[in-house]
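Given next are the chains, with one letter for each unit.
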Number of protein chains: 2
Amino acid sequence: MSVPLRIIQYGIGPIGAGIVRLIAEKAHAEFVGAIDIDPAKAGKDLGQVAGLGRDLGIAVSGDATEVLQIPADVVVHSTGSYLTDVKEQLLNCLRANHNVVSSCEELAYPLRKHPELSKELDEVAREIGVTLHGTGVNPGFVMDKLALTLSSVCQRVERVEVRRIVDAGKRRLPLQKKVGAGMSAEQFAREVEAGRIKHHGLPESCAMIADALGLRAESITEIIEPVMAKTDVQTEFLKVAAGQVAGVRQVCRGTGAGGEETLYLELQMYVGAPDAADTIHITGVPDLTLTIPDGTHGDLATAAAVVNAIPLVVAAPAGLKTVADIPVRFSKNF
Amino acid sequence: MSVPLRIIQYGIGPIGAGIVRLIAEKAHAEFVGAIDIDPAKAGKDLGQVAGLGRDLGIAVSGDATEVLQIPADVVVHSTGSYLTDVKEQLLNCLRANHNVVSSCEELAYPLRKHPELSKELDEVAREIGVTLHGTGVNPGFVMDKLALTLSSVCQRVERVEVRRIVDAGKRRLPLQKKVGAGMSAEQFAREVEAGRIKHHGLPESCAMIADALGLRAESITEIIEPVMAKTDVQTEFLKVAAGQVAGVRQVCRGTGAGGEETLYLELQMYVGAPDAADTIHITGVPDLTLTIPDGTHGDLATAAAVVNAIPLVVAAPAGLKTVADIPVRFSKNF
């Protein structure tokens, strides 16, 4: 493409910053606006705020309404995990005539949890003629898109199981803290209760697979529990003693009306995990297992999934589209 | 869907028969016509010819022109591997206003080897308003679509390597013979020379990945050589002595103008293969490896890929569409 894609970045937290740095490498992309509510970022250059180490010539603004007036091909949105929290932001983007690619986990497949809102977003997007899409590594890839792609060579699918085991000890300190490493079981329980320890997206992946493959999943449930350290674990940043919390284990199950389990999604993120890997198992004809040894790197992969989706979403039909609707791949340039 | 998809089956060889048996399981599909040039099949019921063990109420006909007059939603085409051989069949399907899903290997990605013909097929399909699509397990999945999907979580892609190792000893007798098991090296060389030992599709997968990911592959080359048995191998059907040919090894390389190898696709199909698996390795950011232990079952998977594509192709925009364009998945019913 000779005309660069014009991009507005909406949200420059850790994920958004990674997205900005990756977009900055692309030959045919240019930022035309940047939004963040943090007053400490307002007025600063987008490149500096994103940790790029150089200016991008775009000042970060706290005034979304103003920035969204700028003509653009796509808004890259990364401000929150809950769809109800970001609903107005998304609607404002759509109404300003912008396609949107978002890292909002609940947007990856909002049709079950937020059916009314999904309908509204889809209708507004179609009316305006733009596309709205949520993606990332999980939800967006490991537990849904990759499993759906694998299922394309199955004659029958009875059950889908995905296990993602992440060694949090090899990740950045905020992630190690986020999974509860070093806490007591009581502290961990309080953090879960307060909603502060929770990876978002398993029910979304579960619903997406069930609906796309026609698996019975009238009930979708999720549990969050600690993984306790059996021995002392020392990471680059912290120490976890045996008996303390090493991290988190979340299991999401989809079960049919008869109680049969058709979907099992498990995420373990803890320090010292010896067997990090992403594994998908389809029970069907034929049975199929797929493994990504060491797993898909969360931070790199989420930024990649969002950025790679940009030209595909710009080219996609109008409406709310999930990764089940989009043929994903690496996008070298755009 | 309450109205069943109307299907014409074009070609009822081993792959076509597997496709028919799978379609016969679908709740919302009905055959409205069947074509095969073999006079021994003419007039017989499609279900019997396909080995279904029951009638489908459709007589197989050798008169393609007549059958293609029947109103249908899609023609499922499985008659040959070479695009020039099946070109007229495909054009006749399109001109009769039918979408087409085909197992023709060269149709999976014809843009490099047959640029003029690709353009013609695409233009005719768009003009008529129908979709033309080639798929299967390889090409169509292991060496292209799965690799493209994996690349969607990469920030950079430098090189893609795919190895597919099939233990032919666990497959049907025709496949064991087709890979040359039990031949002398001289016999094998003559069969390769005559074009009778050759798996089709590696250059197609190579070109598809290169074009989709922007990898330099000005040159695409392929070698076919025997895998010699190191020890005696006994399968259910035949015996291969040490020193005889156990099967075939094909390697397709894509190299850039500077001679750098950006794509390496290797297919080994031989009796006694101890480490059957499909493996994809992407060199990039991050490096990623994906493995399907024991590999994807060729016969089951090709029929599945074709049948699962049917409703997706019917819903796709008009034109020649490859698996790079279609978001694949298992299709339970249609």
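Residues numbered from 1 in each chain as written. Chains lettered and ligands numbered in written order. Predicted model: local features only at pLDDT ≥ 70, side-chain atom pairs only at ≥ 80, totals over all residues. Heavy atoms only, no water.

Considerations on helix H1 (residues 14-23) of chain A
One full turn of an α-helix is made of 3.6 residues, so residues set three or four places apart face in the same direction.
At step 1: With seven of its ten residues buried, H1 of chain A lies for the most part within the structure.
At step 2: Turning to H1 of chain A, its buried residues number three or more, namely Gly16, Ala17, Gly18, Ile19, Val20, Leu22 and Ile23 of chain A. (Buried < 20%, exposed > 50% of the residue type's maximum accessible area, 1.4 Å probe, protein only. Helix = DSSP H or I, 4+ residues; strand = E, 2+ residues; numbered from the N terminus.)

With respect to the domain arrangement of chain A
Residue and element names in this part refer to chain A.
At step 1: Domain assignment breaks chain A into domain 1 (5-136 + 300-321) and domain 2 (145-295).
At step 2: Distance from the C-alpha centre of domain 1 to the C-alpha centre of domain 2: 27 Å.
At step 3: Across the boundary between the two partners, domain 1 contributes eight residues, which contact ten residues of domain 2.
At step 4: Regarding the contact of domain 1 and domain 2, the summed buried area is about 950 Å², with carbon and sulfur atoms giving 54% of it.
At step 5: For the domain 1 face of the interface with domain 2, the top three residues by lost area are Glu105, Tyr109 and Arg112, together amounting to 61%.
At step 6: For the interface between domain 1 and domain 2, the tally reads two salt bridges.
At step 7: Between Lys113 and Glu204 there is a salt bridge; the shortest N-O distance is 3.0 Å.
At step 8: One can count four residue pairs in polar contact (both at pLDDT 80 or more) joining domain 1 with domain 2. (Domains from an automatic or database assignment. Contact = heavy atoms within 4.5 Å. Buried area = accessible area lost by both parts, 1.4 Å probe. Salt bridge = Lys/Arg side-chain N within 4 Å of Asp/Glu carboxyl O. Polar contact = N/O pair within 3.5 Å; in protein donor to acceptor, adjacent residues only side chain to side chain.)

Considerations on the side chain of Ser103 of chain B
At step 1: Note on placement: Ser103 of chain B falls in the loop between strand S4 (99-102) and helix H5 (115-128).
At step 2: Setting aside anything within four residues of it in sequence, one finds Ser103 of chain B in contact with Ile15, His77, Ser78, Thr135 and Val306 of chain B.

Examining empty space enclosed by the protein
At step 1: Tallied over the entire structure, the rule returns four cavities of 30 Å³ or more.
At step 2: Of the voids in this model, the largest cavity is the one considered here, and its volume is about 90 Å³.
At step 3: Lining of the largest cavity is provided by 15 residues; of these, Thr135, Ala305, Ala309 and Val328 of chain A together with Ser152 of chain B occupy positions nearest its centre.
At step 4: In terms of residue count, the dominant contributor to the lining of the largest cavity is helix H10 (residues 298-315) of chain A (four residues).
At step 5: Tallied by class, residues from the lining of the largest cavity come to seven nonpolar, six polar and two charged.
At step 6: Considering only enclosed or pocket space, the second largest cavity measures out at about 60 Å³ in volume.
At step 7: Lining the second largest cavity we find Ser152 of chain A together with His133, Thr135, Gly136, Gly140, Phe141, Ala305, Asn308, Ala309, Leu312, Val328 and Arg329 of chain B.
At step 8: Split into classes, the residues belonging to the lining of the second largest cavity amount to five nonpolar, six polar and one charged. (1 Å grid on protein atoms, 1.4 Å probe; cavity = no way out; pocket = protein on both sides within 12 Å on 5 of 7 lines; lining within 4 Å. Points joined across faces, edges and corners; volume = space filled by probe spheres on them. Nonpolar A, V, L, I, M, F, W, Y, C, P; charged D, E, K, R; others polar.)

Describing the packing of helix H4 (residues 83-95) of chain B against H5 of chain B
Residues and elements named next belong to chain B.
At step 1: The interhelical angle for the contact between H4 and H5, taken along N-to-C directions, is 10 degrees, at an axis separation of 10 Å. Between H4 and H5, the crossing angle belongs to the class labelled roughly parallel. The residues of H5 that touch H4, namely those facing Leu83, Lys87, Leu90, Leu91, Leu94 and Arg95, are Leu117, Glu120, Leu121, Val124, Ala125 and Ile128. (Axes fitted to C-alpha atoms, helices over the stretch in contact; angles between N-to-C directions. Parallel < 35°, antiparallel > 145°, perpendicular 65-115°, else oblique.)

Re the sheet that holds strand S3 (residues 74-77) of chain A
Residue and element names in this part refer to chain A.
At step 1: The strand order across the open sheet built from six strands is S2-S1-S3-S4-S5-S14, with neighbouring strands paired in parallel fashion. Here the strands that pair on one side only, and so sit at the sheet edges, are strand S2 (29-35) and strand S14 (319-321). Pairwise comparison of adjacent strand axes, ignoring direction, gives a mean angle of 20 degrees for this sheet.
At step 2: Across four bridges, the pairing between S3 and strand S4 (residues 99-102) is parallel. Within the sheet, the bridge partner assigned to Val74 lies in S4 and is Asn99. (Pairing = 2+ DSSP bridges.)

Let's talk about the pairing of strand S5 (residues 131-134) of chain A
All names here are of chain A.
At step 1: The two faces of S5 match: Thr131 and His133 on one face and Leu132 and Gly134 on the other face are all buried.
At step 2: Here S4 runs beside S5; their pairing, made up of three bridges, is parallel. Bridge pairing in S5 places Ser102 opposite Gly134.
At step 3: With helix H5 (residues 115-128) bridging S4 and its parallel neighbour S5, the resulting β-α-β unit is right-handed.
At step 4: One ladder, built from three bridges, connects S5 with S14; its direction is parallel. (Right-handed = clockwise from strand over helix to strand, strands pointing away.)

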